[in-house]
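Structural characterization, general
If you want the building blocks of each chain, they are given just below.
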Amino acid sequence: MVASNAFNSMWNGIKSVISGIYDTIKGGFDKAVGFITGLVSSAFNWGKDIIMGIVNGIKSCISAVGNAVSSVADKIRSLLHFSVPDEGSLTDFESWMPDFMHGLAKGIEKSKSMVTDAVSGLAADMVINPQVNEG
């Protein structure tokens, strides 16, 4: 019986070692599967985060583009509108036109004799060289 007990003891030891090896291998395999599963899940979240970052970036750029367009429209409105503009070359329009007309009238007045002489010469040419069509 001593040999039988020794054999059982040895057999139980071998089973225990094999069971330990099995548990270690199984535990390592389960950890590897868990790591890979977690990695896939993490990769999915990384992709989602990248895409959401792009979407949020586009949204913020759209807002910036809208603000820029609004700024340009405000600038154009300040230069051209239905009353005297706030800035730009047309701000003096109401005073410019009367000044222009005054200068034009003054120029015509100073040049009146030149115009009169030209018209007189034309009238004289018409009397001296009348052209009559004989039909």
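What you see as residue numbers is a count from 1 along each chain, following the sequence as written. Reporting of local features is limited, given that this is a predicted model, to residues whose pLDDT is at least 70; pairs of side-chain atoms are given and counted only at 80 or more, and all residues count toward the totals for whole chains, interfaces and linings. To get the side-chain values, take all heavy atoms of the structure and skip hydrogens and water.

Structural notes on the overall build of the chain
Counting from the N terminus, the helices are DSSP H or I runs at least four residues long and the strands are E runs at least two residues long. Counting its secondary structure elements, the chain contains three helices and zero strands. Reading the helices (α) and strands (β) of the chain from amino to carboxyl end gives α-α-α. The buried label goes to any residue with under 20% of its type's maximum accessible area, the exposed label to any with over 50%, and the partly exposed label to all in between, with areas taken from a 1.4 Å probe on protein chains only. Considering the chain as a whole, with its 135 residues, one finds that 1% of them fall into the buried category.

Quick look at the pattern of salt bridges
We define a salt bridge as a contact between a side-chain nitrogen of Lys or Arg and a carboxyl oxygen of Asp or Glu at a distance within 4 Å. Under the counting rule described, the total for this entry stands at two salt bridges. Here Lys-26 ties to Asp-30 by a salt bridge, and the two come within 3.2 Å at their closest N and O atoms. With Lys-26 and Asp-30 both in helix 1 (residues 2-79) and four residues apart, the pair spans about one turn of that helix. You can call Lys-26 partly exposed: its relative accessible area is 40%. Under the relative-accessibility criterion, Asp-30 is labelled partly exposed at 41%. Here Lys-112 ties to Glu-109 by a salt bridge, and the two come within 3.0 Å at their closest N and O atoms.

A word on a nonpolar patch on the surface
Together, Ile-50, Ile-51, Met-52, Ile-54, Val-55, Ile-58 and Ile-62 make up a nonpolar patch on the protein surface, roughly 660 Å² of accessible area in all. Turning to its location among the elements, Val-55 is positioned in helix 1. Among the residues examined, Val-55 registers a relative accessible area of 30% and is labelled partly exposed. Patch membership needs two things, relative accessible area over 30% and no salt bridge, and members are linked within 9 Å if like-charged or within 5 Å if nonpolar (Val, Leu, Ile, Met, Phe, Trp, Tyr). Throughout, the Shrake-Rupley method with a 1.4 Å probe supplies accessible areas, and for residues the shown protein chains are the sole cover considered.

Take it as geometry only, folks, not as evidence of what the structure does.
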